[in-house]
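One letter stands for each residue in the lines below.
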Amino acid sequence: MTVDYEVQEMLPEPHEFHELELNMGPQHPSTHGVLRLLLTLDSEVILKAQPHIGYLHRSFEKFAEGMTYTQFLPYTDRLDYVSAITNEFGYCLAAEKLAGIEVPRRAQYLRVIAAELQRIASHLLFVATFGNDLAAVTVFLYGFRDRERVIDILDSLSGQRLTYHYLRLGGVMADAVPGLDRKVLDLVDYLIPRLDELDELFTNNVIFRRRTENVGILTAEQALDFGVSGPNLRGSGVAWDVRKADPYSSYQDFEFDVPTGRQGDCFDRYAVRIEEMRQSLRILKQAVEGLPEGEIRTKVSRNLKPPAGEAYAHVEGARGDVGFFLISDGSTNPYRLKIRGPSFIHTMALETILKGWKIADVIAVLGSIDIVLGEVDR
Amino acid sequence: MTDLFQRLWGHFFGPKVSLVLAYLTDAVAILVFILLTVMFLIWLERKVAARFQNRLGPMRVGRPHGWLQSVADVLKLLLKEDVIPTKADRWVFTLAPIVVVVPAILIWVCIPFSRNLVAKDLNIGIFYIISLASLGVLGIIMGGWAANNKYTLIGGLRSAAQMISYEIPLVLSVVAVVVLAGTMDMNGLVARQAPYRWFVFWVPVGPLAFLIYLTAAVAETNRVPFDLPEAESELVSGFHTEYSGMKFGFFFLAEFTNMFAVSAIATTLFLGGWLGPGNLGPLWFLIKTYAIVFFIMWLRWTLPRVRGDQLMKLAWKVLLPSSLVVLFLASVMVAVGFGGARG
Amino acid sequence: MFDQEMKQNIQQSSHPTALSAEATGEMIARALPDLKPSISSAGQICRIQVPKESLVEVAETLKGHPDLRFTYFSFMSAIDRSDHFELVYLLQSPTTGGSVWLRSSMARDGEAAPTLTGVYSGAGWHEREAYDMFGIVFEGHPDLRTILLPEDFQGHPLRKDFVAAYDFLAERQ
């Protein structure tokens, strides 16, 4: 039996004998998109984790300069495609601020309903994929089964299941379907015991706890320094929610709590999202029961020409603080649109979070950070 | 079982020839049984998984309930191109699946389906089984190594480490039962539990040994929550990445055969084997074995995966000391007069 | 047992609310009278125009000042104003609730900007994106290379003189 290759070829360079460079992605079942992580390992411990992005870059900011404000609106759906309503929300608020458009109260409430439904759908997808990554495959199917119910309601509102194009400049696209309040209240009744079931099966499972507690810790100072927002920031203990800090679109009318974690490990980020779902259900109940009568959309010209100036609007998306910075020069097209995608910043923070942990923790951390590459690359 | 076949062949041939033919028929019978069982188990796994996940599972291939799905899968595997990576070690690459499958099948020589339905009732039955079970690890290392891929190498080594670590508690819990029974003969072990004194009820050793055995067995067969070597969603895809076609099929076959074998051994050792009311030995044996198989599948579709270091910690810091304690307790029980060999 | 822990984690809203632009401007003017914060026309943006050389110093002061505590780095970007570039930074304070915009101008070609990565780690990737899209070089940046575009991409897309293929074709029609 002849051996026609050298054993040495399989070992790393002699002068870096203990370091192994391992490539994770861009095609990988657990990176939640096209993300490439270049890991430098010392046996199982991660010395350096370098994310490489740009595989989904679609030059949205350049596109915005070439089309009108109304024409760009469907593109915002495709940014964070898992949580589309919140992107539309941010963009519409920024454009309305720029042009001085007032949104009627009924439209504001409908926007809130859509946004909270979307938050629940996005968090259910987070739970599903997190479970799948950790080999609790059944959680994946349970999460999607429940998500179907939420998406059905959004479907009845907008006609779409993923990229809704429901919010429009000046309001929303269509009025609440008759029976919307019944559907939403049924959903609330359906989901609350399901979330408790999820707690029993998954959250309180010893193996899951052992894999996510004290793993991938992001301290509050680090989080603030990077600009981490949303459930990741709240998982590290900083109570900062744009809906409370900078209320927009009638959020001040609703009563809800802002859950925070304690030490910023994977489990804290997960638990914050579960609690957020419960709080969203609270908001939904209040919104749907208090839906005011009125118009659903202020008339806005299709070739809107806002006066020259600039405006920044940010919303609390499912992933974090989604910001839109719009500059107008008085013409029909934006002069500059800057999209602040929270996942971009979280991927940047990944490098710091992952240092010192083991390979198996990469999956838990990536899952708990909950990035969507559409927002990272734009 | 051998003498049954010997009598059958004796109608046509002389005594020596019919003995040899009887042995051959034994082997064929075991092989056929295993292949059919594995095909059934694959279908069962898919159905069980589906029902846990609120869906239906295979429904089309062989209405109703897709019972021909496994046949379709086997045909598919047979027809696939057999890819061997260019720089792989061809011989080791080809031998690895065989080294994994053969011990898994050889185990079945000793497992009693009823008092007479056992291929060869060796008087060192359980010892024979345990020795063979250790051989499978070699095949995994060979498979991980031969593909010339650093990821499969890491996967293969991790798998080997896991299997070796869990063998010790597995063996020790089995030894505890052997000490209680006073015999290594498989049929003897079953007889010791007649009529309803199953070893699992022999407190304190029985239930403890059963728990340890079951945990170690799930780890030995690389099933969730201990399926780190095969984890598709982890970094390294595992030792059988580069395999395709029937070679991969062999690894798959070995995994299910092992799972079934491990359940069968658990039944024989702890749940009274083929004992049960009436003359329906094989039926009781299959019912008990499938109960454990179902439990193992239940675990797979409910629990998340344990991390590598936690897995090792469990083996060396929890199971090993526990199994030593159980062995000690078993010896104490025999010393005070429960169990032990009797005449 | 676990449920108890989770319930304890929910904090009631002892939650800061955002300061208006005017309030932020007043707060900064009181603490650092040298900086002259200005409020934008729509009354919603409080901005400080800073020469690019003093960017790092101003950022450090804003971050470390005990009354201001602008510890949250929201984002950084650039705007192509045809004859010059404008750098934009948004800093927020989770303790006081204020947000302030740092603005700075620099020439389109030939000049480099200072990096803020020493003050806020979050500036890292934003500066890389500005480099990628505009061609702005940040001095002292630990890892300045393209982030969204491939390494061999020629040109800087968000400059106004970069004509994208689809625009070119549309013009031709």
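These numbers come from a predicted model, not from an experiment.

Looking only at helices and strands, one finds 11 helices and 0 strands in chain B. Reading chain B from its N terminus to its C terminus gives the helix and strand order α-α-α-α-α-α-α-α-α-α-α. A globule of 343 residues ought to have a C-alpha radius of gyration of about 20 Å, and chain B, at 21 Å, matches this closely. For chain B, the C-alpha atoms occupy an extent of roughly 60 × 60 × 45 Å along the three principal directions. The proportion of buried residues among the 343 residues of chain B is 46%. Relative to all contacts within chain B whose residues are 6 or more apart in sequence, the contacts with residues 24 or more apart total 75%.

Glancing now at the interface of chain B and chain A. Residue-level contacts link 27 residues of chain B with 28 residues of chain A. Of all the secondary-structure elements, those providing two or more residues to the side of chain B that touches chain A are α6 (150–181), α10 (281–302) and α11 (308–335) of chain B. Residues that form the side of chain B that touches chain A fall into these classes: 11 nonpolar, 7 polar and 9 charged.

For chain A, the average pLDDT comes to 87, and 95% of its residues sit at 70 or higher. Confidence drops under pLDDT 50 across residues 1–15 of chain A; counting only partners more than four residues distant or on other chains, this segment forms 9 contacts.

A word on the arrangement of the chains. Among the 2 pairs of chains in contact, the pair with the most contacts is chains A and C. Taking C-alpha atoms as the reference, chain B and chain C come no closer than 18 Å and do not contact one another.

In this model, helix α4 (residues 123–134) of chain C (12 residues) spans 16 Å end to end at C-alpha, consistent with the 16 Å of a helix rising 1.5 Å per residue. Among the 12 residues that make up α4(C), 12 are buried, leaving the element largely enclosed by the rest of the structure. Taken as a whole, α4(C) has its buried residues at C:A123, C:G124, C:W125, C:H126, C:E127, C:R128, C:E129, C:A130, C:Y131, C:D132, C:M133 and C:F134. Buried residues in α4(C) make contact with α12 (342–354) of chain A together with β4 (72–80), β5 (84–92) and β8 (137–139) of chain C. Just downstream of α4(C) lies C:G135, where phi reads positive at about 90°.

Another aspect to go through is the confidence of the model for chain B. Across chain B, the average pLDDT comes to 85, with 97% of residues at or above 70. Scoring the predicted complex yields pTM 0.88 and, for the interface, ipTM 0.86.

Let us look at the sheet that holds strand β3 (residues 46–49) of chain C. The strands making up a sheet associate through hydrogen bonds between their backbones, and the pairing can be parallel or antiparallel. Residue and element names in this part refer to chain C. Spatial ordering of the open sheet is given by β2-β3-β6-β5-β4, a layout of 5 strands whose pairing is mixed. The sheet is open, and its two edges are formed by β2 (38–39) and β4, each paired on a single side. Across 9 bridges, the pairing between β5 and strand β6 (residues 99–107) is antiparallel. Residue pairing in the sheet places F85 in a bridge with M106 of β6.

The next thing to look at is unusual backbone geometry. All names here are of chain A. For S59, which is not glycine, the phi dihedral falls at a positive 55°. In this structure, S59 sits in the loop between β3 (45–52) and α1 (60–64). For S249, which is not glycine, the phi dihedral falls at a positive 50°.

Further remarks concern the packing of helix α4 (residues 90–106) of chain B against helix α5 (residues 125–146) of chain B. Residue and element names in this part refer to chain B. For the pair α4 and α5, interaxial distance at closest approach is 8 Å and the crossing angle is 165°. Between α4 and α5, the angle falls in the class roughly antiparallel. The chirality of how α4 crosses α5 is left-handed. Across from V92, F93, L95, A96, P97, V99, V100, P103, A104 and L106 in α4, the residues of α5 making contact are L132, A133, L135, G136, L138, G139, I140, M142, G143, W145 and A146. Within the contact of α4 with α5, the residues separate by chemical class into 18 nonpolar, 3 polar and no charged.

On to the pairing of β3(A). Residue and element names in this part refer to chain A. As paired elements, strand β2 (residues 36–42) and β3 share 7 bridges and run antiparallel to each other. Looking at the pairing, L41 lines up with I46 of β3. Here β2 hands over to β3 after 2 residues, with S43 in that stretch at a positive phi of 50°.

Now for the sheet that holds strand β1 (residues 19–24) of chain A. All names here are of chain A. With respect to topology, 3 strands assemble into an open sheet ordered β1-β2-β3, the strand pairing being antiparallel. The outermost strands of the open sheet, each flanked by one partner alone, are β1 and β3. Averaged over all pairs of adjacent strands, the angle between strand axes in this sheet comes to 20°, irrespective of strand direction.

Counting residues in each nonpolar core, the largest one holds 252 residues, and the members touching the most others are A:A94, A:I113, B:A176, B:L180, B:Y213, B:A266 and C:L102. Ignoring anything within four residues of it in the chain, the contact list for A:A94 reads A:A311, A:Y312, A:A313, A:F324 and A:L326.

What follows covers the packing of α6(B) against α11(B). Residue and element names in this part refer to chain B. The contact between α6 and α11 brings their axes to 8 Å, and the two run at 15°. It follows from the interaxial angle that α6 and α11 lie roughly parallel. For the element pair α6 and α11, the recorded crossing hand is left-handed. Residues that form the contact of α6 with α11 fall into these classes: 20 nonpolar, 6 polar and 1 charged.

Reading the values: the criteria
- Residues numbered from 1 in each chain as written.
- Chains lettered and ligands numbered in written order.
- Predicted model: local features only at pLDDT ≥ 70, side-chain atom pairs only at ≥ 80, totals over all residues.
- Helix = DSSP H or I, 4+ residues; strand = E, 2+ residues; numbered from the N terminus.
- Rg over C-alpha atoms; globule rule 2.2 N^0.38 Å.
- Buried ≥ 20, exposed ≤ 12 C-beta atoms within 10 Å, placed from the backbone.
- Contact = placed C-beta atoms within 7 Å.
- Nonpolar A, V, L, I, M, F, W, Y, C, P; charged D, E, K, R; others polar.
- pLDDT = per-residue confidence, 0-100.
- Expected span 1.5 Å × (residues − 1).
- Pairing = 2+ DSSP bridges.
- Axes fitted to C-alpha atoms, helices over the stretch in contact; angles between N-to-C directions.
- Parallel < 35°, antiparallel > 145°, perpendicular 65-115°, else oblique.
- Left-handed = near helix turned anticlockwise from the far one by under 90°.
- Core = buried A, V, L, I, M, F, W, Y, C linked by C-beta atoms within 7 Å.

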